[in-house]
Amino acid sequence: MGLLSAVDFALRDLAEIMPHITLDTAREQAEACRAMLAEAFNAEIDAELDH
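Right, let's walk through the structure included here. Quick caveat, the model's predicted, so the values are computed rather than measured.

### Looking at the overall build of the protein chain
Here is step 1: Looking only at helices and strands, one finds 2 helices and 0 strands in the protein chain.
Here is step 2: Rg of the C-alpha trace for the protein chain: 13 Å, well past the compact-globule value of 10 Å for 51 residues, more than 25% over.
Here is step 3: For the protein chain, the spread of C-alpha atoms along the principal axes amounts to about 40 × 20 × 10 Å.
Here is step 4: By residue count, 18% of the 51 residues in the protein chain fall in the buried class.
Here is step 5: As presented, the protein chain carries roughly 4,100 Å² of accessible surface, and 59% of it is formed by carbon and sulfur atoms.

### A short note on the environment of Glu-44
Here is step 1: Along the polypeptide, Glu-44 turns up in helix α2 (residues 24–50).
Here is step 2: Placed 42 residues apart in sequence, Glu-44 and Gly-2 show a C-alpha to C-alpha distance of 12 Å.

### Structural notes on the pattern of salt bridges
Pairing is possible between side chains of opposite charge, provided their charged atoms come close.
Here is step 1: Under the definition given, this model contains 3 salt bridges.
Here is step 2: Across the salt bridge formed by Asp-8 and Arg-12, the nearest N and O atoms sit 3.0 Å from each other. Of the two residues, Asp-8 and Arg-12 are both situated in helix α1 (residues 3–17); the distance of 4 residues between them amounts to about one turn of the helix.
Here is step 3: For Arg-12, a relative accessible area of 52% translates into the label exposed.
Here is step 4: With a closest N to O distance of 2.7 Å, Glu-31 and Arg-34 form a salt bridge. Of this pair, Glu-31 and Arg-34 both sit in helix α2, 3 residues apart, roughly one helical turn.

### Some details on α2
Here is step 1: Given a rise of 1.5 Å per residue, 27 residues ought to cover 39 Å, and the 39 Å separating the end C-alpha atoms of α2 matches this to within 8%.
Here is step 2: Buried within α2 we find Ala-30, Leu-37, Ala-38 and Phe-41.
Here is step 3: Buried residues along α2 sit in contact with α1.

Calculation criteria
- Residues numbered from 1 in each chain as written.
- Predicted model: local features only at pLDDT ≥ 70, side-chain atom pairs only at ≥ 80, totals over all residues.
- Heavy atoms only, no water.
- Helix = DSSP H or I, 4+ residues; strand = E, 2+ residues; numbered from the N terminus.
- Rg over C-alpha atoms; globule rule 2.2 N^0.38 Å.
- Buried < 20%, exposed > 50% of the residue type's maximum accessible area, 1.4 Å probe, protein only.
- Areas by Shrake-Rupley, 256 points an atom, 1.4 Å probe, with all protein chains shown as cover.
- Salt bridge = Lys/Arg side-chain N within 4 Å of Asp/Glu carboxyl O.
- Expected span 1.5 Å × (residues − 1).
- Contact = heavy atoms within 4.5 Å.

And the structure:
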């Protein structure tokens, strides 16, 4: 499994888990993690499309 696949799986896992997080600080941390992973994933996809 490549890094891009691992990030994709992590994003899917976060999407599944986040609705069940009840602690506000944990939800904020999960959202920050999701945003960071999504940004990295999208940047990699854009870079691959440019080549």
